[in-house]
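Results of the structural survey
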Amino acid sequence: MSERKRRARPGAAAGGSTSKKPRGASAAASYAQSLRSKLRPDDSILASLRALASEKSKPATASSAGAKALADDDSASASSSYIVVADQDINSVTSRINRLVLSVARSILSGRGFSFSVPSRTSTNQVYLPDLDRIVLLRREAARPFANVVTARKATVTARVLSLVHAVLRRGIHVTKRDLFYTDVKLFEDQSQSDAVLDDVSCMLGCTRSSLHVVASEKGVVVGRLIFHDDGDRIDCTRMGVGGKAIPPNIDRVSGIESDALFILLVEKDAAFMRLAEDRFYNRFPCIILTAKGQPDVATRLFLRRLKVELKLPVLAMVDSDPYGLKILSVYMCGSKNMSYDSANLTTPDIKWLGVRPSDLDKYRVPEQCRLPMTDHDIKVGKEMLEEDFVKQNESWVRELETMLRTKQKAEIQALSSFGFQYLTEVYLPLKLQQEDWI
């Protein structure tokens, strides 16, 4: 062997060693690929999914029907203890605003002064009811008088918002919350203030926020085996490309919902949604895929509930393996405290947590370098979640959270990409569906 070749060999060997994965990562990758051999033919997995879908579409049993009746009971003892709002048409809402303004005028003429009676939306007034499996707003009210220096400005903002909503309804149009804010920036000062009073107005009038014709900007997207009409336009969600179809902010304009899907796949993040859409996962396993790109907005929550109610399909959720992923899932299922007054219309019960769960990190041997250490704040949020009543109701959730807090590790859905960019759609999700591995 020549001297040149002898000199080149160590360099080549060194170059080769730098391209090799660490032994642990290599073993994890080998194990991950070996899971492909455990996958049964798609027809077998689809048969299980069809059985699940048909089970969900069966008429409710006596016990579940009773629970539903309790959840939907807006009269008698139910509505006397907590606030229940409902969708109202334009005439009903405008009439309620007129009656409210007349009552204020009578109060002024009688010498009692200018004041609004507003439902209290403080955190102590927002509670979880196990029988309903959602957060509700208790029926307690607080006065908002104009003659009090503490509440004078907020009473003025309330009157202004009522006036603007009335004008919007009379025109028969929809506006965004941002539009509403810019009508009187000097008075509102910050959009969060006009947004908060808008929710107060919904409670005062006993109607949903969408009934006020004030909506949030588009955020959520949907793709997959779904056809619906948006204000008369036919939308085929199998032809929406990788980006999907924006979920309409005016859900009341959605009609003619059709689908041959076997389940609904709820995804926390846009990145995972794009992977599923590009790989046409919904063609291999017929499903509807939607995401709110993080924290769920009202339109996405309304749309999900509408799909669940009308199509009677099971909902499976895929979120990050961290406290915030579970918190996002809980908002879809039990509602948020901020919108507790409308939880009956915004919540979708019985969502199954498909992944990525804390136990999956070891089960699927996610490499250590793809796991992230939990921060002190993460641990604090995780412990707070363990104390929530809706978490305590599900022992499997408790075990998963305890595993997360014990290991002090979290991971994003994208951690699965360490095994290959399409590992999520080709191995992880098919295997999850095959094993019916959800809680």
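Residues numbered from 1 in each chain as written. Predicted model: local features only at pLDDT ≥ 70, side-chain atom pairs only at ≥ 80, totals over all residues. Heavy atoms only, no water.

**Here we look at the sheet that holds strand S14 (residues 315-318)**
The strand order across the open sheet built from 6 strands is S10-S7-S13-S12-S14-S15, with neighbouring strands paired in mixed fashion. Looking at the sheet topology across the chains shown, the edges are occupied by strand S10 (245-246) and strand S15 (351-355). Relative to strand S13 (residues 287-291), strand S7 (residues 221-224) runs antiparallel, the two sharing 4 bridges. Bridging across to S13, Gly224 finds its partner in Ile288. (Pairing = 2+ DSSP bridges. Helix = DSSP H or I, 4+ residues; strand = E, 2+ residues; numbered from the N terminus.)

**Considering empty space enclosed by the protein**
Within this structure, the stated rule accounts for 1 cavity of 30 Å³ or more. Quantified by volume, the largest cavity comes out at close to 90 Å³. Considering the residues around the largest cavity, the lining is formed by Arg209, Ser210, Val214, Val215, Ala216, Pro249, Val298, Ala299 and Leu302. Of all the elements in the fold, those that place two or more residues in the lining of the largest cavity are strand S6 (214-215) and helix H13 (298-311). Per-element tally for the lining of the largest cavity: the top contributor is H13, with 3 residues. For the lining of the largest cavity, a count of residues per class yields 7 nonpolar, 1 polar and 1 charged. (1 Å grid on protein atoms, 1.4 Å probe; cavity = no way out; pocket = protein on both sides within 12 Å on 5 of 7 lines; lining within 4 Å. Points joined across faces, edges and corners; volume = space filled by probe spheres on them. Nonpolar A, V, L, I, M, F, W, Y, C, P; charged D, E, K, R; others polar.)

**Some remarks on the pattern of salt bridges**
Here the structure, examined in full by the defined rule, presents 28 salt bridges. For Arg153, the salt bridge identified is with Glu189, shortest N-O distance 3.6 Å. Here Arg153, found in helix H7 (residues 152-171), pairs with Glu189, found in the loop between helix H9 (185-188) and helix H10 (191-205); they are 36 residues apart in sequence, far enough to count as distant. Take Arg153: its relative accessible area is 33%, and that puts it in the partly exposed class. (Salt bridge = Lys/Arg side-chain N within 4 Å of Asp/Glu carboxyl O. Buried < 20%, exposed > 50% of the residue type's maximum accessible area, 1.4 Å probe, protein only.)

**Observations regarding the packing of helix H6 (residues 90-109) against H7**
One way to put it is that H6 packs onto H7 with a least axis distance of 10 Å and a crossing angle of 150°. Classified by the angle their axes make, H6 and H7 are roughly antiparallel. In this structure, H6 meets H7 at a crossing whose hand is left-handed. When H6 is examined against H7, the residues Ile90, Val93, Thr94, Ile97, Asn98 and Leu100 are found in contact with a partner set consisting of Leu162, Val165, His166 and Leu169. For the contact of H6 with H7, the residue count by class is 7 nonpolar, 3 polar and no charged. (Axes fitted to C-alpha atoms, helices over the stretch in contact; angles between N-to-C directions. Parallel < 35°, antiparallel > 145°, perpendicular 65-115°, else oblique. Left-handed = near helix turned anticlockwise from the far one by under 90°. Contact = heavy atoms within 4.5 Å.)

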